[in-house]
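So the chains spell out like this:
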Amino acid sequence: MDAASPSALFLCGKSSAEFEFAKSLKNNDTLNLPNGGKISTHLQSDINSSRFGEDAFNVDMFFSSLSTKRFGRFLIWSPLLSSTHDIVSHNFCELPVGSVCVADTQSKGRGRSKNAWESPRGCLMLSFTLQMDDGKIVPLVQYVVCLAVTEAIKDVCDRNGFPCIDVRIKWPNDLYLNGLKVGGILCTSTYKSKKFNVSSGLGLNVGNEKPTTCLNTVLKELSTSSNEFRREDITAAFFNKFEMLYDIFISQGFQTLEELYYRTWLHSGQRVIVQEKNEDRVVENLVTIQGLTSSGYLLAIGDDNQMCELHPNGNSFDFFNGLLRRKLE
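In the annotation of an unreviewed UniProt entry, the entry for the protein reads BPL/LPL catalytic domain-containing protein, and the organism field reads Hibiscus sabdariffa. Listed in UniProt under the heading Sequence similarities (unreviewed entry), the comment for the protein reads: "Belongs to the biotin--protein ligase family."

Peer 1: Looking at this structure, I do not really get the overall build of the protein. What am I missing?
Peer 2: Looking only at helices and strands, the protein has eight helices and 14 strands in total. A burial count over the protein gives 52% of its 329 residues as buried. Summing over all exposed atoms, the protein offers an accessible surface of approximately 15500 Å²; the carbon and sulfur share of this is 46%.

Peer 1: Can you help me understand the pairing of strand β12 (residues 298-302) in this one?
Peer 2: Along any regular strand, the residues point their side chains to alternate faces of the sheet. Where burial is concerned, most of β12 is hidden: four out of the five residues are buried. Relative to β12, strand β11 (residues 281-292) is paired through five bridges, and the arrangement is antiparallel. Residue pairing in the sheet places I289 in a bridge with A300 of β12. Adjacent in sequence and paired antiparallel, β11 and β12 are bridged by five residues, among which G296 carries a positive phi angle near 95 degrees. In terms of strand pairing, β12 meets strand β13 (residues 307-311) through four bridges, oriented antiparallel. Along β13, the bridge assignment pairs L299 with E309. Hairpin connection from β12 to β13: four residues lie between these consecutive antiparallel strands, with N305 at a positive phi of about 65 degrees.

Peer 1: Teacher, can you tell me more about the nonpolar core here?
Peer 2: Across soluble globular proteins, nonpolar side chains have a tendency to be buried as a group. Ranked by internal contacts, the top residues of the largest apolar core, which has 74 residues, are L75, F128, I165, L204, L215, F229 and F242. Examining the composition of this core, we find that twelve residues originate from one element, helix α5 (residues 141-160), more than from any other. Among all residues touching F128, those that are not within four sequence positions of it are F71, V88, S99, V100, V145, V198, S199, S200, F238, F239 and F242. In this structure, L11, L25, L31 and I87 belong to the second largest nonpolar core, which totals 16 residues.

Peer 1: Even after reading the chapter, I still don't get the packing of α5 against helix α7 (residues 231-252), so can you show me in this structure?
Peer 2: Helix packing for two helices is described by the angle between their axes and how far apart those axes are. Close contact between α5 and α7 brings their axes to 7 Å; oriented N to C, the two are set at 130 degrees. Viewed along their axes, α5 and α7 adopt a mutual orientation that is oblique. In terms of crossing hand, the pair formed by α5 and α7 is right-handed. Contacts from V141, V144, V145, L147, A148, V149, E151, A152, D155, V156 and R159 in α5 reach D233, I234, A237, F238, K241, F242, L245, Y246 and F249 in α7. For the contact of α5 with α7, a count of residues per class yields 15 nonpolar, no polar and five charged.

Peer 1: Just to check I follow, could you spell out the sheet that holds strand β2 (residues 40-43) for this structure?
Peer 2: In sheet architecture, strand pairing relies on hydrogen bonds along the backbone and comes in two forms, parallel and antiparallel. Spatial ordering of the open sheet is given by β2-β1-β3-β4-β5-β9-β8-β7-β6, a layout of nine strands whose pairing is mixed. Looking at strand neighbours, the two that pair on one side only are β2 and β6 (168-170), the edges of this open sheet. When the angles between neighbouring strand axes are averaged without regard to direction, this sheet yields 25 degrees. Both strand β4 (residues 100-103) and strand β5 (residues 123-132) contribute to a ladder of four bridges, which runs antiparallel. Residue pairing across strands places V102 opposite L126, the latter belonging to β5. Across the face of the sheet, α7 comes into contact with β4, β5 and β9 (195-205) while running at roughly 25 degrees to β5.

Peer 1: Just to check I follow, could you spell out the packing of aromatic side chains for this structure?
Peer 2: Two aromatic rings are characterised by how far apart their centres lie and by the angle between their planes. Under the counting rule described, the total for this entry stands at 25 aromatic pairs. Between F10 and F52, the aromatic rings sit 5.6 Å apart at their centres with planes inclined by 80 degrees, giving edge-to-face as the arrangement. A residue pair is termed long-range when its members are at least 10 positions apart, and F10 in strand β1 (residues 8-13) and F52 in helix α2 (residues 49-52) qualify at 42 residues. Ring pairs connect the aromatic residues F71, F128, Y143, F238, F239, F242, Y246, F249, F254, Y261, Y262 and W265, which therefore count as one cluster.

About the thresholds
Residues numbered from 1 in each chain as written. Predicted model: local features only at pLDDT ≥ 70, side-chain atom pairs only at ≥ 80, totals over all residues. Heavy atoms only, no water. UniProt positions renumbered as here; feature names shortened; annotations may be inferred. Helix = DSSP H or I, 4+ residues; strand = E, 2+ residues; numbered from the N terminus. Buried < 20%, exposed > 50% of the residue type's maximum accessible area, 1.4 Å probe, protein only. Areas by Shrake-Rupley, 256 points an atom, 1.4 Å probe, with all protein chains shown as cover. Pairing = 2+ DSSP bridges. Core = buried A, V, L, I, M, F, W, Y, C linked by side-chain atoms within 4.5 Å. Contact = heavy atoms within 4.5 Å. Axes fitted to C-alpha atoms, helices over the stretch in contact; angles between N-to-C directions. Parallel < 35°, antiparallel > 145°, perpendicular 65-115°, else oblique. Left-handed = near helix turned anticlockwise from the far one by under 90°. Nonpolar A, V, L, I, M, F, W, Y, C, P; charged D, E, K, R; others polar. Phe/Tyr/Trp six-rings, centres within 6.5 Å; stacked < 30°, edge-to-face > 60°.

Structure follows, in structure tokens:
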């Protein structure tokens, strides 16, 4: 199986320690795919840019902008892969915490509720690992990931003199730009040896105009220059921001990040229709979103001044279609 095959993985490290780990993985043929899929592993030195195209993910550029101590330092890159999420979740225990898998193209990208995520070239597609002790806060980590993405985009704009690209968070884990979805987050977890192993995935439309829009399309509309966002810059900025925000989240709780989160999300003061069971009937009511509850659901207030917690009904692609209301005592 040659290096251009769909399941070719290039193992890369920022420092000598990660590079030695990459060699060990390759020599021991450690990694594998679900359902017995075959993988060919290669080292960073085997990457030939002329073979994969100038728009292939530039690992050296990414590492030069990365300043983390844990996240993103060991990277798996593939020109074509079924799913980055499958790689990190299926091989979680074989990888250092903070490892990331990036693909230029995916054939079976995953979204929320088993939805497919379209993964054309130009889209940033990555999944990474983290490990948590407290199961009560695992559902909140997706909000930290979303926040890190929006903060990373702002950082790239500031450092490069780009006009502000105002990517916003749509609860619980979507990213919107000018009213169109440009990205999404998928977090899954398993419990093993008293730890929660979390695999977190990100899909972000950077240079692909379809199926909705992308960062570079909006940037061109706002600027006369030929500058563009690069996936490598956003990925490095994301991990730099995520490591900082995640450390605050673990040590001080999500409430420390709530003000920043609310400045970025779409929902403060939003009026939504919710459904509530009343004996044998389902009654619809209007409520106003106030924020998040401690468990990560939406906090809202009804016209009767009753505070309530909103849950998705689990049947709709749009979580704001038919939210279920639970009164808070």
